Amino acid sequence: MWPFWWKGASGFSARSTAEEVTHGIDGTGLTAVVTGASSGIGEETTRVLALRGVHVVMAVRNIESGNQVREKILKEIPETKIDVMKLDLSSMVSIRSFASGYKSLDLPLNLLINNAGIMACPFMLSSDKFELQFATNHLGHFLLTNLLLETMKKTANESNREGRIVIVSSEGHRFAYGEGIRFDKINDEASYNTLQAYGQSKLCNILHASELARKFKVKSYFAGTSCEHHCQFTSSRIHYDQSFALPQLHKYNW
């Protein structure tokens, strides 16, 4: 862990707010997908991106909650453009439906912010029969990213502006199971530990970001991938019904 007041090379610290780190940035013409955008950090990410002129697509499990957040932001920033779309990251059917629906809108995609997640829930299986934290925090975003990659590449080529994929991780990755990712025991209820399973899913996030960075190192589509850590806190509910994430906006390449 690092002191919250320590400033990095960017000039910002873990105490810096999203508004502070995006001050002076014009995001007009950019389109972003933010998962888990109906509460907490996801909501604030949506609000600040909208404040900077970005067209934000809120990808949320609960459409009603998403629309309430959308209306609240529109009251503050009437000229902004925000859409709400259904996405349940624990369901591959829902993820494929979201991706298909997004593509059908023929929207560009400059920023993909994989922000949603759950933490330390009791042992449960997703609709696809995977342990729920592994399914939601890793598999869901892994599939979503793959399904939207071609859209991001197309946007980068047509706009001549590099894209950005942000995968939100956590210091919790340090507390994964001792053997790391237990591929042969993903669904082993007998040895399931709520926090270690969470750490396992966060470790997967880091490895996912690392592989994307390696894969696209010689490509011009993306400015890079980043795997953000929890260092600035806001009110986020982190049980199964809500999202939990923390992107640091100053690392985005606009």
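Criteria and thresholds
- Residues numbered from 1 in each chain as written.
- Predicted model: local features only at pLDDT ≥ 70, side-chain atom pairs only at ≥ 80, totals over all residues.
- Heavy atoms only, no water.
- Helix = DSSP H or I, 4+ residues; strand = E, 2+ residues; numbered from the N terminus.
- Expected span 1.5 Å × (residues − 1).
- Bend = angle between axes of the 7 residues up to and from the residue.
- Buried < 20%, exposed > 50% of the residue type's maximum accessible area, 1.4 Å probe, protein only.
- Polar contact = N/O pair within 3.5 Å; in protein donor to acceptor, adjacent residues only side chain to side chain.
- Salt bridge = Lys/Arg side-chain N within 4 Å of Asp/Glu carboxyl O.
- Phe/Tyr/Trp six-rings, centres within 6.5 Å; stacked < 30°, edge-to-face > 60°.
- Lys NZ or Arg CZ within 6 Å of the ring centre and 35° of its normal.
- Core = buried A, V, L, I, M, F, W, Y, C linked by side-chain atoms within 4.5 Å.
- Contact = heavy atoms within 4.5 Å.
- pLDDT = per-residue confidence, 0-100.
- Arc of directions from axis to C-beta.

As annotated in an unreviewed UniProt entry, the chain is Short-chain dehydrogenase TIC 32, chloroplastic-like isoform X3 from Camelina sativa.

1. Digging into helix α5 (residues 132-159)
Look at α5: 38 Å from first C-alpha to last across 28 residues, which is about the 40 Å you get at 1.5 Å a residue. Bending of α5 peaks at approximately 40° at the position of Leu 148. For α5, the tally of buried residues reaches 21 of 28 residues, placing the bulk of the element in the interior. The N-cap residue of α5 is Glu 131: its side-chain oxygen and the backbone nitrogen of Gln 133 are 2.8 Å apart. Once α5 finishes, Asn 160 follows within two positions and takes phi at roughly 60°, a positive value.

2. Some thoughts on the pattern of salt bridges
Evaluated as defined, the whole model comprises 10 salt bridges. Across the pair Arg 47 and Glu 19 runs a salt bridge, and its minimum N-O distance is 2.6 Å. You can see Arg 47 sitting in helix α2 (residues 40-51) and its partner Glu 19 sitting in helix α1 (residues 18-21), a full 28 residues away along the chain. Overall, Arg 47 belongs to the buried group, its relative accessible area being 14%. Note on Glu 19: relative accessible area 33%, which makes it partly exposed. Here Lys 153 and Glu 150 are joined by a salt bridge, their closest N and O atoms 3.2 Å apart. With Lys 153 and Glu 150 both in helix α5 and three residues apart, the pair spans about one turn of that helix. The class for Lys 153 is buried, based on a relative accessible area of 16%. For Glu 150, a relative accessible area of 53% puts it in the exposed group.

3. A closer look at the environment of Met 152
With respect to the secondary-structure elements, Met 152 resides in helix α5. Of the residues examined, Met 152 reaches a relative accessible area of 2% and is grouped as buried. For the pair Met 152 and Leu 111, spaced 41 residues apart in sequence, the C-alpha separation works out to 8.1 Å.

4. Some words on the packing of aromatic side chains
Throughout the structure, instances matching the rule amount to two aromatic pairs. The positively charged end of Arg 182 is found above the aromatic ring belonging to Tyr 177, 3.7 Å away from the centroid.

5. Side note on the nonpolar core
With 25 residues, the main nonpolar core has Val 33, Phe 98, Tyr 102, Leu 144 and Leu 148 as its most contacted residues. Residue assignment for this core shows that the elements contributing at least two residues are β2 (55-60), α4 (92-104), α5, β5 (163-168) and α6 (194-215). The dominant element in this core, judged by the number of residues it contributes, is α5, at six residues. Excluding anything up to four places from it in sequence, Leu 148 contacts Phe 98, Ala 99, Tyr 102, Leu 109 and Leu 112.

6. Side note on unusual backbone geometry
For Lys 129, which is not glycine, the phi torsion reads 70° and is therefore positive. As for its position among the elements, Lys 129 is in the loop between β4 (111-114) and α5. Owing to a relative accessible area of 55%, Lys 129 belongs among the exposed residues under this scheme. A positive phi is found at Asn 160, a non-glycine position, where the angle reads about 60°. Along the polypeptide, Asn 160 turns up in the loop between α5 and β5. Using a relative accessible area of 71% as the deciding quantity, one classes Asn 160 as exposed.

7. Points about the environment of Gly 24
Note on placement: Gly 24 falls in the loop between α1 and β1 (31-35). The class for Gly 24 is exposed, based on a relative accessible area of 70%. In this structure the C-alpha to C-alpha distance between Gly 24 and Arg 52, which are 28 residues apart in sequence, comes to 8.3 Å.

8. Some thoughts on the confidence of the model for the chain
Summary statistics for the chain give a mean pLDDT of 86 and a share of 84% for residues scoring 70 or more. A low-confidence stretch, residues 218-254 (pLDDT under 50), is modelled with 146 contacts involving residues beyond four sequence positions or located in other chains.

9. So, helix α3 (residues 63-76)
Across its 14 residues, α3 extends 20 Å between first and last C-alpha, which sits within 8% of the 20 Å expected from 1.5 Å per residue. Listed in full, the buried residues belonging to α3 are Gly 66, Val 69, Ile 73 and Leu 74. For α3, the buried positions fall inside an angular range of 135° around the axis, keeping them on one side. Residues of α3 that are exposed and angled more than 90 degrees away from the buried face: Glu 64, Gln 68 and Lys 75. Buried-residue contacts for α3 involve α2, β2 and β3 (82-86). N-cap assignment for α3: the residue whose side-chain oxygen lies 3.0 Å from the backbone N of Glu 64 is Asn 62.

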